[in-house]
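Below, each chain spelled out in residue letters.
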Amino acid sequence: MAIPSIPASTTITVLPTNTKPSSLPSTLKSLSLSGKLDEALHLIESHPLTPLPLQTYDALLHACISRKSLHHGQRLQNHLLLRHSTKRKKGRGGNQQSLLEKPALKTKLITLYSVCGRIDLARSVFDSALVGTAPESVWVAMAIGYSRNGCSKDALSLYVDMLRRFVQPGNFAFSAALKSCAELGDFPVGRGVHAQIVKCKDESDQVVYNALLRLYLECGCFEDVVRVFAEMPERNIVSWNSLVSGFAGRGQLFEAFDAFRRMQGEGVGFNWVSLTAVLPVCAQINALCSGKEIHAQMAKSVIRPDMFVLNSLMDMYAKCGVVDYARRIFDGMERRDLTSWNTVLNGYAIARRMEEGLKLFDKMVDSGFSPDMVTFIALLSGCSHTGLTQEGLQLFHRMRTEFGISPSAEHYACLVDMLGRAGRLKEALKVVKSMGKKPSGSIWGSLLNSCRLYGNVPLAEAIAKVLFEIEPKYPVNYVILSNIYANAGLWEGVKMVRAMMEKRGVKKEVGCSWIEIKNRLHTFVAGGGIELRNSEKYQKLWSELMEAMRGVGYEPDTRVVLHDVSEEIKKGWVCGHSERLAAMFGLIHTRSGIPLRITNNLRVCADCHSWMKALSQVTRRVIVLRDTKHFHHFEKAVFEVVWLNPVLLQVRSESFYFVSPRRIVSSLRWNSDSLAKSSPAFAGPLTTLHNLGFAPLHSELIGFRFSALVF
DNA sequence: ATAGGGATAT
């Protein structure tokens, strides 16, 4: 028989009410430490006249703050008020300062009320008496209370008030003021505070510097961020996290990635917050290898990753083209929020596996989660890319009727795209006209793309005309129109578009590709990579490959070159496309059989697509090429991987790969402050990972430093 | 008493 559990609401009083007054303080202290607030208050209230030291109340309030217990805090305050007045009546200690006036208790009471969301009560404690002589700590507690409750303006004016009353600000006040300025995006005042800090004789602490970093980040003054970062005497995890997320927020993804690596190099370590900053970067630059490495570290950790990190991790896998891993993490999560669902659903949309996505959506609704607008953007875009037009249209309808979400411009964009891709251009145009919103450039852009798919030149010309007015400097529109002409064999049109671009000074974005090898990103620009191309290894490999590739039927297709040059030059240009350089680099610098994962910043051209396909065939490598729109998977040469034992993998038709535990040494380190030390050596991780339900998954297995451990 | 965090479309 199971022991009946006690309902959470039941309070058990274990203490006898006849506790001796002399032992009260120590009893109360241990009660506060173990968080037994009910017992503690009961005890205090039953001894209203016993004098208690300040420390006792301090400890009690501390316990109230960490439990966010408004109720107990108020009872305590009432008790203090009561005791104060009783004392006065009896004439004892009449001139003694009430305990409530002690700054230490005031500070704590203010904090308590503000963490409980009762800024009004906090303010009345603050105002209660002796404001003029309140020390810095009370002001700071109040200011932080304000910013905790989203009233940064009040927090900042409190700081100003404090200065007016000649209270000398210290590091705590500075960081509180900087935080408010950062939240308000108030650069001038923030600058002023910075100046005060510089003038202040005391040494600034780490927190003040980090608050300065935050201020300049929020204000968009990145030069100042970098300067403060360089000038500060020490940089801790928080400083580095700010730098990483700062770069990431500005879209400087490689710099963000690099900062994270440097952070590891300096031995700072990382924590969950660092990971929620760097994982989205991995997702965007397709750095699956590093992402997996980070995942391995997470699995090793004794501390459970929180929902934020898991959501980012899922998104990383989804964006790097491995939804299955994202799904496994999702399935293993003990708690999920709306973002978790949205992330996986979007993962299926990216992977063009909407049947599974729709099934999951049904599950989501069944389990009582109400989808939001993001959910529908993911679903609709997925349906549109997979050609599930009927399902998509139905969802668009259900969105309003069943879930009460009125379609936004983004939803209309998905709808238009869906109809356009299905060849229902007339209906798409009808939607554009009737949606009651001004169609954005992106909507017209998606229509133009649909015209490309169906070779509709007249409509394309009309749409392009509109687009050239809305976004005259956006090169992609010109390129698509030019492609449409080229596909139709209308070379005059191609010439015209090019002339237009030259006249308006519109430049095609430079093609750029990168490949991650041994946790390092190698970037190539179209037409670049001279050193690589001049190397002997490259030239030998190139001629061998070209011959083999011709053998499997590859013929260069120079129609993708839209310039009027000789055939030979065209061939040269196509060969210099950045994705090919990255692929060649990958071939040279990895062992045979290891998959190549290449990322391109634009759209992969048709010739590169078939080139990669042939390359995959002749080298028998898996090639995954990601561009801004698609994943190009070339898995003709999938190896079958047999799981022999944790450290030994066998790959059919290849030699044995030994992945010894010693080789799998991480370049990353945990922050020992915030996370428990990772398991000794590699005694635990394999079991951990098995417990997580990870089993090897064909080709992805080989080639990654942590592959043997993780998947 | 003080600093840092995730999802969407062309």
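What counts, and where the lines are drawn
- Residues numbered from 1 in each chain as written.
- Chains lettered and ligands numbered in written order.
- Predicted model: local features only at pLDDT ≥ 70, side-chain atom pairs only at ≥ 80, totals over all residues.
- Heavy atoms only, no water.
- Helix = DSSP H or I, 4+ residues; strand = E, 2+ residues; numbered from the N terminus.
- Buried < 20%, exposed > 50% of the residue type's maximum accessible area, 1.4 Å probe, protein only.
- Contact = heavy atoms within 4.5 Å.
- Areas by Shrake-Rupley, 256 points an atom, 1.4 Å probe, with all protein chains shown as cover.
- Near = heavy atom within 4 Å.
- Polar contact = N/O pair within 3.5 Å; in protein donor to acceptor, adjacent residues only side chain to side chain.
- Nonpolar A, V, L, I, M, F, W, Y, C, P; charged D, E, K, R; others polar.
- Axes fitted to C-alpha atoms, helices over the stretch in contact; angles between N-to-C directions.
- Parallel < 35°, antiparallel > 145°, perpendicular 65-115°, else oblique.
- Left-handed = near helix turned anticlockwise from the far one by under 90°.
- Phe/Tyr/Trp six-rings, centres within 6.5 Å; stacked < 30°, edge-to-face > 60°.
- Lys NZ or Arg CZ within 6 Å of the ring centre and 35° of its normal.
- Salt bridge = Lys/Arg side-chain N within 4 Å of Asp/Glu carboxyl O.
- pLDDT = per-residue confidence, 0-100.
- Domains from an automatic or database assignment.

## Observations concerning the overall build of chain A
Right, so step 1: When helices and strands are counted, chain A shows 35 helices and eight strands.
Right, so step 2: Evaluated residue by residue, chain A yields a buried proportion of 49% over its 711 residues.
Right, so step 3: Pairs at least 24 apart in sequence give 65% of the contacts found in chain A among residues at least 6 apart.
Right, so step 4: Taken as a whole, chain A presents about 34800 Å² of accessible surface, with 55% of it coming from carbon and sulfur.

## Digging into the protein's contact with DNA strand B
Right, so step 1: Around DNA strand B sit 42 residues, and of these Asn-271, Asn-311, Asp-337, Ile-377 and His-385 come closest.
Right, so step 2: Each atom of DNA strand B within 4 Å of the protein belongs either to a base or to sugar and phosphate, the latter forming 49%.
Right, so step 3: Contact distances for DNA strand B include 2.8 Å between a base nitrogen and a side-chain N or O atom of Asn-241.
Right, so step 4: Asn-311 places a side-chain nitrogen or oxygen 2.2 Å from a base nitrogen of DNA strand B.
Right, so step 5: The element that contributes the greatest number of residues to the surface near DNA strand B is helix 17 (residues 307-319), accounting for six residues.
Right, so step 6: Taken together, the residues that form the surface near DNA strand B break down as twelve nonpolar, 18 polar and twelve charged.

## Things to note about the packing of helix 26 (residues 457-470) against helix 27 (residues 475-487)
Right, so step 1: Where helix 26 contacts helix 27, the two axes come as close as 11 Å, and the packing angle between them is 165°. For the element pair helix 26 / helix 27, the angle class is roughly antiparallel. The handedness of the crossing between helix 26 and helix 27 comes out as left-handed. For the pair helix 26 and helix 27, the contacting residues are Val-457, Ala-460, Glu-461, Ala-464, Leu-467 and Phe-468 in the first and Asn-477, Tyr-478, Leu-481, Ile-484 and Tyr-485 in the second.

## Brief notes about the packing of aromatic side chains
Right, so step 1: A complete count under the given rule lists 17 aromatic pairs for this structure.
Right, so step 2: Taken together through their ring pairs, the aromatic side chains of Phe-330, Trp-341 and Phe-369 make up a single cluster.
Right, so step 3: Taking NZ or CZ as reference, Arg-235 lies 5.5 Å from the ring centre of Phe-229, over its face.
Right, so step 4: Positioned above the aromatic ring of Phe-330 is the side chain of Arg-336, whose terminal nitrogen or guanidinium carbon lies 4.4 Å from the ring centre.

## Brief notes about the side chain of Ser-69
Right, so step 1: Note on placement: Ser-69 falls in the loop between helix 3 (54-67) and helix 4 (70-90).
Right, so step 2: Overall, the relative accessible area of 11% leaves Ser-69 in the buried class.
Right, so step 3: Setting aside its immediate chain neighbours within four residues, Ser-69 contacts Leu-37, Cys-64, Leu-112 and Cys-116.

## As for the pattern of salt bridges
Right, so step 1: With the rule as written, the count across this model stands at 21 salt bridges.
Right, so step 2: Across the pair Arg-191 and Asp-224 runs a salt bridge, and its minimum N-O distance is 3.5 Å. Residue Arg-191 is located in helix 10 (residues 187-199), and its partner Asp-224 is located in helix 12 (residues 222-231); the two are separated by 33 residues in the primary sequence.
Right, so step 3: Arg-421 is the partner of Asp-417 in a salt bridge, and the nearest nitrogen-oxygen pair spans 2.8 Å. Linking Asp-417 with Arg-421, this pair stays in helix 23 (residues 409-421), spanning four residues, or about one helical turn.
Right, so step 4: Asp-417 gets classed as buried once you look at its relative accessible area, which sits at 11%.
Right, so step 5: Among the charged side chains, a network of salt bridges with common partners joins Asp-38, Glu-45 and Arg-75.

## Focus on unusual backbone geometry
With the exception of glycine, most residues fall at negative phi, and the peptide bonds are largely trans.
Right, so step 1: Notably, Lys-68 is not glycine yet its phi reads approximately 55°, a positive angle.
Right, so step 2: Take Lys-68: it is sitting in the loop between helix 3 and helix 4.
Right, so step 3: A positive phi is found at Phe-166, a non-glycine position, where the angle reads about 60°.
Right, so step 4: Locating Phe-166 in the fold gives a position in the loop between helix 8 (152-164) and helix 9 (171-184).

## With respect to the confidence of the model for chain A
Right, so step 1: Residues at a pLDDT of 70 or more form 83% of chain A, whose mean pLDDT is 81.
Right, so step 2: A low-confidence stretch, residues 87-96 (pLDDT under 50), is modelled with four contacts involving residues beyond four sequence positions or located in other chains.
Right, so step 3: For the stretch residues 637-711, pLDDT sits under 50, and the model shows 158 contacts to residues farther than four places along the chain or on other chains.

## Digging into the packing of helix 9 against helix 10
Right, so step 1: Interaxial distance between helix 9 and helix 10 falls to 9 Å at its minimum, and their mutual angle equals 160°. Between helix 9 and helix 10, the angle is such that the two are roughly antiparallel. Helix-helix and strand crossings are classified by hand; for helix 9 and helix 10 the assignment is left-handed. For the pair helix 9 and helix 10, contact is made by Phe-174, Ala-177, Leu-178 and Cys-181 and by Val-189, Gly-190, Val-193, Gln-196 and Ile-197, respectively.
Right, so step 2: Of the residues that constitute the contact of helix 9 with helix 10, the class distribution is seven nonpolar, two polar and no charged.

## Examining the domain arrangement of chain A
One widely used convention gives an interface's size as the accessible area the parts lose upon coming together.
Right, so step 1: Domain boundaries assigned for chain A yield domain 1 (235-331), domain 2 (336-395), domain 3 (407-508) and domain 4 (512-634).
Right, so step 2: Between the C-alpha centres of domain 2 and domain 4 the distance comes to 34 Å.

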